[in-house]
2 protein chains.
Amino acid sequence: MTYCVAMLLDAGLVFLSDSRTNAGVDQINTFRKTTVFERAGDRVIVLLSAGNLAITQGALNLLAERMSSQSDANLLNCPNLFEAARCVGSTLREMHLRDAEALRQQGIEFNASFILGGQIKGEAPRLFHIYAAGNFVEATPDTTYFQIGESKYGKPIIDRVTRRSMPLSEAAKCALISMDSTIRSNLSVGLPLDLVIVRRDECRISSHVDIDSTNEYFQRIRERWGEALREIFSELPNPDWLMSTPPEAGKLASPPSRLQSRAK
Amino acid sequence: MTYCVAMLLDAGLVFLSDSRTNAGVDQINTFRKTTVFERAGDRVIVLLSAGNLAITQGALNLLAERMSSQSDANLLNCPNLFEAARCVGSTLREMHLRDAEALRQQGIEFNASFILGGQIKGEAPRLFHIYAAGNFVEATPDTTYFQIGESKYGKPIIDRVTRRSMPLSEAAKCALISMDSTIRSNLSVGLPLDLVIVRRDECRISSHVDIDSTNEYFQRIRERWGEALREIFSELPNPDWLMSTPPEAGKLASPPSRLQSRAK
């Protein structure tokens with residue numbers, strides 16, 4: 001499994017990915033899920049990948065091979081990010097054509113997805129979610145983020161705090177807390193992390209940090225977030241009134257069998 | 001979908017279930033997922049159900065029919081909760097025998113699970129998770145809870161705060177916060193809720209509350225929890241150092257293509 005999240009804000013983009021892959025719990029490896037295509041000052045395109053590693057690596061290798069070509073499939077030549085997303089989608093379809101039937105014969109689903117974000121000079125920063133079928137959606141003003149992989153554990157905190165106007169460093173903090181909740185709940189998501197920041201209109205990687213278990217900031221956030229959650233949990237009132245509420249006969253409704261059972 | 005959680009504590013048991021079922025987003029209904037079999041003072045058995053409603057209702061109806069029989073399949077006659085769990089498991093297997101092949105022909109999986117908990121006089125309170133195959137596991141001293149249905153959104157908070165020694169009302173608060181996170185993230189989980197408390201050694205329902213959108217305590221917990229989360233989020237330091245960390249050339253590692261892309 002994997003967990004990747006990317007946020008599109010007024011100030012730019014934040015990308016965070018873990019690096020764990022697993023084929024069963026006895027075959028766990030470290031592979032980075034973040035890939036950057038950059039011509040500094042002209043464009044920066046960041047891809048986060050999830051799903052079958054053979055498929056996503058294959059697609060990324062094809063994209064890399066074509067970086068020296070003059071074709072439309074060269075991410076360094078695309079006129080805009082919409083075309084870049086189409087290019088990645090088409091590459092996934094090439095992988096599908098080559099591998100899907102062989103995978104199917106082994107009972108394996110063709111499972112792969114990408115988040116693509118960045119900026120090409122002349123455009124605003126943009127963010128896309130590309131599906132296994134090669135189709136994709138783009139973040140609109142109502143969308144602050146996309147997730148791929150094991151997205152559920154880390155979603156509630158993002159929903160509660162993100163807004164387009166938040167500073168990039170605050171968004172990075174939110175992404176790290178979201179990752180912490182995911183790592184705690186799913187063994188197949190793990191360190192090290194790649195955290196990448198793209199400031200609006202720089203058209204380059206503004207900052208990249210490789211976060212492993214020795215990173216003091218991440219350690220501190222993890223500990224402090226857990227402590228603070230437990231603190232606010234104890235500050236909320238307990239429903240002590242509940243303990244003196246007698247069962248309401250006949251209110252445990254469905255199925256009808258229940259009334260009979262209570263009546264015995 | 002549905003979300004049910006039950007906790008086994010030194011002081012007794014807490015059960016919480018939502019009441020939404022859906023067959024597509026255009027067919028949403030309210031069905032309670034909590035069923036009680038009780039002979040007050042002798043035994044109380046609470047069942048929470050998730051999965052295909054036709055299967056779980058069918059199994060519950062069979063269990064209810066047998067409450068007047070002298071057979072081993074009568075939950076009011078079982079000598080202990082292990083036998084009660086076997087009885088529910090066997091009933092699920094009856095449903096499988098009757099329905100699984102017909103469901104398979106329609107491309108529908110045989111999907112159903114139960115949480116069974118309670119106390120029979122002479123035993124300690126016990127808690128079981130019963131799978132679609134009719135097999136089951138029991139909570140041990142290391143396990144404070146089981147979840148069925150849409151379990152991921154609401155799991156982190158339970159993992160962080162529950163312990164066997166916590167008071168029942170505090171556990172109920174934790175279950176309600178866990179339910180709130182789930183309701184916010186998944187449209188197919190919804191109000192009203194059934195919250196049931198079984199105090200150790202009472203062998204009856206100690207308290208049952210039907211929580212709908214007018215319940216003041218739940219409203220207050222929802223609002224205050226969201227506010228408090230946003231507060232502790234803003235109190236944590238932002239990684240401002242990150243903004244002055246230049247990208248480390250060659251550190252965005254995999255796949256190899258990336259180095260090539262940065263080098264362009």
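From a predicted model like this one, the values you see are computed outputs, not experimental measurements.

Undergrad: How would you sum up helix α5 (residues 216-235) of chain A? Please name residues and give values.
TA: The terminal C-alpha atoms of α5 of chain A lie 28 Å apart, and with 20 residues this matches the ideal 28 Å at 1.5 Å per residue to within 8%. For α5 of chain A, the N-terminal cap is Asn-215 of chain A; the gap from its side-chain oxygen to the backbone nitrogen of Tyr-217 of chain A is 3.1 Å.

Undergrad: Mind laying out the side chain of Gln-119 of chain B, listing which residues take part and the relevant values?
TA: Residue and element names in this part refer to chain B. Summarising the element assignment, Gln-119 is placed in strand β7 (residues 112-120). Separated by 2.8 Å, the side chain of Gln-119 and the backbone oxygen of Glu-123 make a polar contact. A distance of 2.7 Å separates the side chain of Gln-119 from the backbone nitrogen of Asp-201, its partner in a polar contact. In contact with Gln-119, other than residues within four places in its own chain, are Asp-42, Arg-43, Val-44, Leu-81, Ala-124, Pro-125, Arg-199, Arg-200, Asp-201, Glu-202 and Cys-203.

Undergrad: Go over the relation of the copies chain B and chain A, please, and point to the residues and values.
TA: Overlaying chain B on chain A yields an RMSD of 0.0 Å, the required transformation being a rotation through 180 degrees with an accompanying axial translation of 0.0 Å. The transformation relating the two chain copies, once decomposed into turn and shift, fits a two-fold axis. Relative to the rotation axis, the C-alpha of Tyr-153 of chain B is the closest in chain B, positioned 2.5 Å from it.

Undergrad: A description of the packing of helix α1 (residues 53-65) of chain B against helix α2 (residues 81-105) of chain B should follow, citing residues and the corresponding values.
TA: All names here are of chain B. For the pair α1 and α2, the least separation of the axes is 9 Å and the interaxial angle reads 135 degrees. In terms of their interaxial angle, α1 and α2 are classed as oblique. Considering the relative orientation of α1 and α2, their crossing is right-handed. For the pair formed by α1 and α2, the contact residues are Ala-54, Ile-55, Gly-58, Ala-59, Leu-62 and Leu-63 on the first element and Cys-87, Val-88, Thr-91, Leu-92, Glu-94, Met-95 and Leu-103 on the second. Considered class by class, the residues forming the contact of α1 with α2 number ten nonpolar, two polar and one charged.

Undergrad: Could you give an account of the side chain of Thr-143 of chain A, naming the residues involved and the relevant values?
TA: Relative to the elements of secondary structure, Thr-143 of chain A occurs in the loop between β9 (136-138) and β10 (145-149). Among residues more than four places away in sequence, those in contact with Thr-143 of chain A are Leu-8 and Arg-164 of chain A.

Undergrad: Can you break down the pattern of salt bridges residue by residue, with the values?
TA: Counted by the stated rule, this structure contains 42 salt bridges over all chains. Put simply, Asp-18 of chain A and Lys-33 of chain A hold a salt bridge, and the shortest N to O gap is 3.1 Å. With Asp-18 of chain A in the loop between β2 (12-17) and β3 (20-22) and Lys-33 of chain A in the loop between β4 (28-30) and β5 (34-39), this pair connects stretches of sequence that are 15 residues apart. As far as the burial class goes, Asp-18 of chain A and Lys-33 of chain A line up, both buried. Between Arg-126 of chain B and Glu-123 of chain B there is a salt bridge whose closest N-O contact spans 2.6 Å. Considered together, Arg-126 of chain B and Glu-123 of chain B belong to a single accessibility category, that of buried residues. Shared partners join several salt bridges into a network, and the residues in it are Arg-160 of chain A together with Asp-180, Arg-184 and Arg-222 of chain B.

Undergrad: Please set out the pairing of β2 of chain A residue by residue, giving values where relevant.
TA: Residues and elements named next belong to chain A. Burial analysis of β2 places six of its six residues in the buried class, which makes it a mostly covered element. Looking at chain direction, strand β1 (residues 3-9) and β2 are connected through six bridges and run antiparallel. Paired with Leu-9 across the bridge in β2 is Gly-12.

Undergrad: Explain the sheet that holds β5 of chain A to me, and be specific about the residues and the numbers.
TA: All names here are of chain A. The five strands are arranged β5-β6-β7-β8-β9 in an open sheet whose pairing can be described as antiparallel. The two strands at the open ends of the sheet, each matched to only one other strand, are β5 and β9. Looking at each pair of strands side by side, their axes are set apart by 15 degrees on average, direction ignored. Pairing of β5 with strand β6 (residues 43-51), which is carried by six bridges, proceeds in the antiparallel orientation. Bridging from a neighbouring strand, Val-36 pairs with Val-46 of β6.

Undergrad: Kindly report on the packing of aromatic side chains, identifying the contributing residues and their values.
TA: Throughout the structure, instances matching the rule amount to six aromatic pairs over all chains. Residues Phe-128 of chain A and Phe-136 of chain A carry aromatic rings whose centres are separated by 5.6 Å and whose planes lie at 85 degrees to one another, so their mutual orientation is edge-to-face. We classify Phe-136 of chain A as partly exposed; its relative accessible area is 22%. Ring centres 5.6 Å apart and planes at 70 degrees place the aromatic pair Phe-82 of chain B and Phe-136 of chain B in the edge-to-face group. Within this pair, whereas Phe-82 of chain B is found in helix α2, its partner Phe-136 of chain B is found in strand β9 (residues 136-138), the two being separated by 54 residues in sequence. For Phe-82 of chain B, a relative accessible area of 33% gives the class partly exposed. Through pairs of rings, three or more aromatic residues link up here, namely Phe-82, Phe-128 and Phe-136 of chain A. One Lys or Arg, Lys-173 of chain B, reaches over the ring of Phe-233 of chain A and ends 4.3 Å from the middle of that ring.

Undergrad: Explain the interface of chain B and chain A to me, and be specific about the residues and the numbers.
TA: On the chain A side, the residues contacting the 81 residues of chain B number 80 residues. For the pair chain B and chain A, the two sides together bury roughly 7,600 Å², of which 64% comes from carbon and sulfur. Across the contact surface, chain B and chain A share four salt bridges. A salt bridge links Asp-180 of chain B to Arg-160 of chain A, with the shortest nitrogen-to-oxygen separation between them at 3.5 Å. At the boundary of chain B with chain A, the tally comes to 16 residue pairs in polar contact (both at pLDDT 80 or more). Among the secondary structure elements, those contributing two or more residues to the side of chain B that touches chain A are β5 (34-39), α1, α3 (155-161), α4 (168-185), β11 (193-199), β12 (207-211), α5 (216-235) and α6 (257-263) of chain B. Top contributing element to the side of chain B that touches chain A by residue count: α5 of chain B, with twelve residues. For the side of chain B that touches chain A, the class distribution of residues is 37 nonpolar, 20 polar and 24 charged.

The rules we used
- Residues numbered from 1 in each chain as written.
- Chains lettered and ligands numbered in written order.
- Predicted model: local features only at pLDDT ≥ 70, side-chain atom pairs only at ≥ 80, totals over all residues.
- Heavy atoms only, no water.
- Helix = DSSP H or I, 4+ residues; strand = E, 2+ residues; numbered from the N terminus.
- Expected span 1.5 Å × (residues − 1).
- Polar contact = N/O pair within 3.5 Å; in protein donor to acceptor, adjacent residues only side chain to side chain.
- Contact = heavy atoms within 4.5 Å.
- Least-squares fit on C-alpha atoms with pLDDT ≥ 70 in both.
- Axes fitted to C-alpha atoms, helices over the stretch in contact; angles between N-to-C directions.
- Parallel < 35°, antiparallel > 145°, perpendicular 65-115°, else oblique.
- Left-handed = near helix turned anticlockwise from the far one by under 90°.
- Nonpolar A, V, L, I, M, F, W, Y, C, P; charged D, E, K, R; others polar.
- Salt bridge = Lys/Arg side-chain N within 4 Å of Asp/Glu carboxyl O.
- Buried < 20%, exposed > 50% of the residue type's maximum accessible area, 1.4 Å probe, protein only.
- Pairing = 2+ DSSP bridges.
- Phe/Tyr/Trp six-rings, centres within 6.5 Å; stacked < 30°, edge-to-face > 60°.
- Lys NZ or Arg CZ within 6 Å of the ring centre and 35° of its normal.
- Buried area = accessible area lost by both parts, 1.4 Å probe.

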